[in-house]
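Here are the chains, one letter per residue:
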Amino acid sequence: MKIIIIGGERVPYFLAKRLIAQGYDVYFVNKDEDLCEEYSRTLSANVVLGDGTSKRVLDQLEIDPKDIVVLLTERDRRNFFIARLVQEYYGVEHVVTLLNNSENRDLFERYGIRVLGVTDLIMKNIEPLLFENEVITTLEEETKTLGATVLKITIEWDSHVIRKKIKELSIPEDIVVVGIMRKDKFVIPRGETTIEPNDEIIVVCTEEKSSEVLAFFST
Amino acid sequence: MKLRPINLKFYVIVVGCGKIGLELAARLSQIGFNVTIIDKKPNSIQLLPEDYGGFIVIGDATERGTMEQAKANKADLLIVTTDDDSTNYFISMVGAKIFGIPSVLALVNNRENVPLFERSEIKVISPINLAVETFERNILEGIDQLVGDIK
């Protein structure tokens, strides 16, 4: 069984390095001449210079159905095309591909191609940060002029609100809980939502109520 | 060539406003089909004849939003004519499998890709194959005539 990596730049290099260390047979296909030269100089891998969407190039690899094909080009359509080529012509069972545009996931999955949704992954990681920034920074400035405040409060273990549903809390008037940051998730609170220790709750209230808010949630 | 106008409520999407797509979209709309042409370059669209009666969508047809804008789910026929085979294959497959377009025709620029398209149930137009076949037919007809003359 060999592992064939098509396209990409740095990822294939480090991927191959680890695979080779574990004793696997690694093949590269890349149309960048300098990259191919570097791969063959620094790694004990087999390098094919050429366009991976060309069957003539792929034929040089003597692909077997048991081989694993990893697709790392920057275009979904190219990855899809190569995936289908190796499936149809060489009967390859395992194809893993980089997915750039998340909306194409369904098409890949339809043909049993495994996808790594990079855009989704990055989005998932920055979303909590975006929320925080938006709520705390931008809104803070905008609301202040209108007499409102946005606060973020960390709920300690000893707070009386812990393990209670929001609707049971009898939160004072002019105070609304608009969001809860819980570990790496952002929870949109409903009456049924239970507050947990270490939750960071985001509260909107009128300015004069801000000290009341702190007292309410932290004791 | 004079085209006989017909009135079919048949909806055709043409992707790619190159030499082939352009001519095709213009003719199909002249015949009386409902036609939408998609191209990502506004410049290419400008080359359409003034009497082109179809719709125009400027956008990348490999993106779902563009296909939705062209109402791909209502299309009876999708014709893909860009100069890149992986693009043509991708758009054809999205059209057939995601939007359920019953009939898909694709231009295949590189002859070696023809089998992949055919195995994926996409009808293929291969300029090289067409040219070779036409030459062959012409030559054979010529020979028939020659043989006939000799007899």
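Asks: What am I meant to see in the overall build of chain A here?
Replies: Along its length, chain A carries seven helices and ten strands. Relative to a compact globule of 219 residues, whose C-alpha radius of gyration would be 17 Å, chain A shows 26 Å and is clearly more extended. C-alpha atoms of chain A, sized along the principal axes, occupy 75 × 30 × 30 Å. Split into buried and exposed, the 219 residues of chain A put 43% on the buried side. Per element, the accessible surface of chain A, about 12200 Å² overall, is 51% carbon and sulfur. Averaging the positions of the 28 positive and the 39 negative side-chain charges in chain A gives two centres separated by 6 Å.

Asks: Got a minute to help me understand the packing of helix α1 (residues 10-21) of chain A against helix α2 (residues 33-42) of chain A in this structure?
Replies: Each pair of packed helices can be summarised by the angle the axes make with each other and by the distance between the axes. All names here are of chain A. Where α1 meets α2, the closest approach of the two axes is 11 Å, and the angle between their N-to-C directions is 15°. Between α1 and α2, the crossing angle belongs to the class labelled roughly parallel. The two elements α1 and α2 cross, and the hand of that crossing is right-handed. Within the contact between the two elements, α1 uses R10, P12 and Y13 and α2 uses L35, E38, Y39 and T42. A class-by-class count of the residues in the contact of α1 with α2 yields four nonpolar, one polar and two charged.

Asks: Explain α2 of chain A here, please?
Replies: An α-helical turn contains 3.6 residues, so any two residues separated by three or four positions project in the same direction. Residue and element names in this part refer to chain A. Every buried residue of α2 is accounted for by L35, C36 and Y39. Along α2, the residues classed as buried sweep out an arc of 100° about the axis, all on the same side. For α2, the exposed residues lying more than 90 degrees away from the buried face are E33, D34 and R41. Buried residues in α2 make contact with α1, β2 (25-30) and β3 (46-49). Among the residues of α2, the N-terminal cap falls to D32, whose side-chain oxygen and the backbone nitrogen of D34 are separated by 2.9 Å.

Asks: Could you clarify how one ought to interpret the nonpolar core in this entry?
Replies: Soluble globular proteins tend to pack their nonpolar side chains together in the buried interior. L58 and V86 of chain A together with I13 and L78 of chain B are the most contacted members of the largest nonpolar core, which has 52 residues in total. Broken down by element, this core gets its largest block of residues, eight residues, from helix α4 (residues 76-90) of chain A. Those residues in contact with L78 of chain B that sit more than four places away from it in its chain are I13, V15, M67, I91, S92, G95, I101, S103, V104 and L105 of chain B. With 18 residues, the next largest nonpolar core counts I155, L169, I180 and I201 of chain A among its residues.

Asks: Would you mind showing me how to read the packing of aromatic side chains here?
Replies: Two numbers describe a pair of aromatic rings. These are the distance of the centres and the angle of the planes. Residues and elements named next belong to chain A. Across all of its chains, the model carries ten aromatic pairs over all chains by this definition. Arranged with centres 5.4 Å apart and planes meeting at 85°, the rings of F80 and F108 form a pair that is edge-to-face. On the criterion of sequence distance, the pair formed by F80 in helix α4 and F108 in helix α5 (residues 105-110) is long-range, its members being 28 residues apart. Residues F80 and F108 agree in their burial class; the two are buried. Relative accessible area serves as the criterion here: at 0%, F80 is assigned to the buried category.

The rules we used
- Residues numbered from 1 in each chain as written.
- Chains lettered and ligands numbered in written order.
- Predicted model: local features only at pLDDT ≥ 70, side-chain atom pairs only at ≥ 80, totals over all residues.
- Heavy atoms only, no water.
- Helix = DSSP H or I, 4+ residues; strand = E, 2+ residues; numbered from the N terminus.
- Rg over C-alpha atoms; globule rule 2.2 N^0.38 Å.
- Buried < 20%, exposed > 50% of the residue type's maximum accessible area, 1.4 Å probe, protein only.
- Areas by Shrake-Rupley, 256 points an atom, 1.4 Å probe, with all protein chains shown as cover.
- Lys, Arg positive; Asp, Glu negative; His and termini not counted.
- Charge placed at Lys NZ, Arg CZ, Asp CG, Glu CD.
- Axes fitted to C-alpha atoms, helices over the stretch in contact; angles between N-to-C directions.
- Parallel < 35°, antiparallel > 145°, perpendicular 65-115°, else oblique.
- Left-handed = near helix turned anticlockwise from the far one by under 90°.
- Contact = heavy atoms within 4.5 Å.
- Nonpolar A, V, L, I, M, F, W, Y, C, P; charged D, E, K, R; others polar.
- Arc of directions from axis to C-beta.
- Polar contact = N/O pair within 3.5 Å; in protein donor to acceptor, adjacent residues only side chain to side chain.
- Core = buried A, V, L, I, M, F, W, Y, C linked by side-chain atoms within 4.5 Å.
- Phe/Tyr/Trp six-rings, centres within 6.5 Å; stacked < 30°, edge-to-face > 60°.

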